Amino acid sequence: LDGDDVVEEYSFVRRRTHLDPLTDAPSGSAYGRTTVRRTRSGRDVELKRILTRREYDTARRIRDMSRHVVRQRRISFLWEMQSFSVHVYQAP
């Protein structure tokens, strides 16, 4: 992607934590950064990268405080051989 074609760029980080279904205790987290570049033609190009915990912590410390942290709980299950995911937004 040519730098002259990019008119807007932003990024966000996220942490996904797996919870034990019986105890709700955290059993591990995965961290990532998504960078979005919008081109002159209006196309969004996303670049996703896995982060280490240290990189995630650093990115959180220097984040834009005017943006909200979105917290959600995802419940996934099988019913009659079909997969479902329910997203419950907890904040903001």
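Residues numbered from 1 in each chain as written. Predicted model: local features only at pLDDT ≥ 70, side-chain atom pairs only at ≥ 80, totals over all residues. Heavy atoms only, no water.

(A) Here's a closer look at a nonpolar patch on the surface. On the surface, I75, F77, W79, V86 and V88 cluster together into a nonpolar patch covering about 440 Å² of accessible area. Among the elements of the structure, β4 (71-79) and β5 (82-91) are those that each provide at least two residues to the nonpolar patch. Looking at the nonpolar patch element by element, the count peaks at 3 residues for β4. With respect to the secondary-structure elements, I75 resides in strand β4. (Patch = residues over 30% accessible without salt bridge, like charges linked within 9 Å, V, L, I, M, F, W, Y side chains within 5 Å. Areas by Shrake-Rupley, 256 points an atom, 1.4 Å probe, with all protein chains shown as cover. Salt bridge = Lys/Arg side-chain N within 4 Å of Asp/Glu carboxyl O. Helix = DSSP H or I, 4+ residues; strand = E, 2+ residues; numbered from the N terminus.)

(B) Structural view of the pairing of β4. Alignment of β4 against β5, held across 9 bridges, turns out to be antiparallel. By the bridge assignment for β5, R74 is matched with H87. (Pairing = 2+ DSSP bridges.)

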